[in-house]
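Results of the structural survey
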Amino acid sequence: SIGIMSFFATIAFVAAPLAPLNCVLSNFSFTDIYYEISSETSADSCTSIVIVDLTKLTDRREIARTIDDIQKCSPKVIGLDFCLDNEGENIEGNMMMEKVAMDYPNIVWSMKCLNYANDSVGWQDAIHSYFTEGIEVTEGSTNMPRGSLYDSTKRKVPLTETLNGEIVPSFSTQIAKL
């Protein structure tokens, strides 16, 4: 089954007459199919949740337009797992992102806790999106502990974090609350 997937992927990217297939497969990951085929049981799925990968969008105008498009589908909640920690040079893009933050209260924005002190104080600093001081938004901590420095698998998701002695909800907790 893996050989079949590899064959089609190779053909789609090598053969010029199959360019339409190449377009379809260029944004497709075979990882999910591999795990679906190799698993003895069917994976649970939920049609209520859609994950949109914005990693290829670097312009804040494009990100804002994409969020506007997603909002047209009337989602209950949108989780944005990135921080716009500085204003950058794109004034139009900043204005569009600030408008998104003001107009859509169903968005949970990511914040990242830094500089862990101890169990009672917790984290000492946090990175927020630059506009959160002037615009009230819902934020959640995206800190996810790993088993070791080289372990990329997230084995648990905390419901809260401690930031300067105060409990702050996690990203997933904030999403569940909305």
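The following paragraphs examine the structure supplied in this document. On a predicted model such as this, the values are computed, not experimentally measured, just so you know.

1. Describing the packing of aromatic side chains
- Per the counting criterion, the structure on display carries three aromatic pairs.
- Taken together, a centroid distance of 5.0 Å and an interplanar angle of 80° make the contact between Trp 109 and Phe 131 edge-to-face. Highlighted residues: Trp 109 in strand 2 (residues 107-118) and Phe 131 in the loop between strand 3 (122-127) and strand 4 (138-141), separated in sequence by 22 residues.
- Residue Trp 109 is classed as buried on the basis of its relative accessible area of 0%.
- A relative accessible area of 4% places Phe 131 in the buried class.
- Here the aromatic rings of Tyr 130 and Phe 131 are separated by 5.2 Å at their centres, their planes lie at 80°, and the arrangement is edge-to-face.
- Residue classification places Tyr 130 among the buried positions, given a relative accessible area of 16%.

2. A word on helix 5 (residues 91-103)
- Its 13 residues give helix 5 an end-to-end C-alpha distance of 18 Å, which sits within 8% of 18 Å, the value for a rise of 1.5 Å per residue.
- Every buried residue of helix 5 is listed here: Gly 93, Asn 94, Met 97, Val 100 and Ala 101. Along the axis of helix 5, the buried positions cluster into a sector of 120°, meaning they face one direction only. Across helix 5 from its buried face, at more than 90 degrees, point the exposed residues Ile 91, Met 95 and Met 102.

3. Here's the deal with the nonpolar core
- The biggest cluster of nonpolar side chains holds 16 residues, and the ones touching the most others in it are Ile 67, Leu 80, Met 97, Val 100, Ile 107, Trp 109 and Phe 131.
- With near-sequence residues (within four places) excluded, Ile 107 lies in contact with Ile 67, Gln 71, Ile 78, Leu 80, Val 100 and Thr 138.
- Grouped together as the second largest cluster of nonpolar side chains are five residues, Met 111, Trp 123, Leu 163 and Val 168 included.

What counts and how
Residues numbered from 1 in each chain as written. Predicted model: local features only at pLDDT ≥ 70, side-chain atom pairs only at ≥ 80, totals over all residues. Heavy atoms only, no water. Phe/Tyr/Trp six-rings, centres within 6.5 Å; stacked < 30°, edge-to-face > 60°. Helix = DSSP H or I, 4+ residues; strand = E, 2+ residues; numbered from the N terminus. Buried < 20%, exposed > 50% of the residue type's maximum accessible area, 1.4 Å probe, protein only. Expected span 1.5 Å × (residues − 1). Arc of directions from axis to C-beta. Core = buried A, V, L, I, M, F, W, Y, C linked by side-chain atoms within 4.5 Å. Contact = heavy atoms within 4.5 Å.

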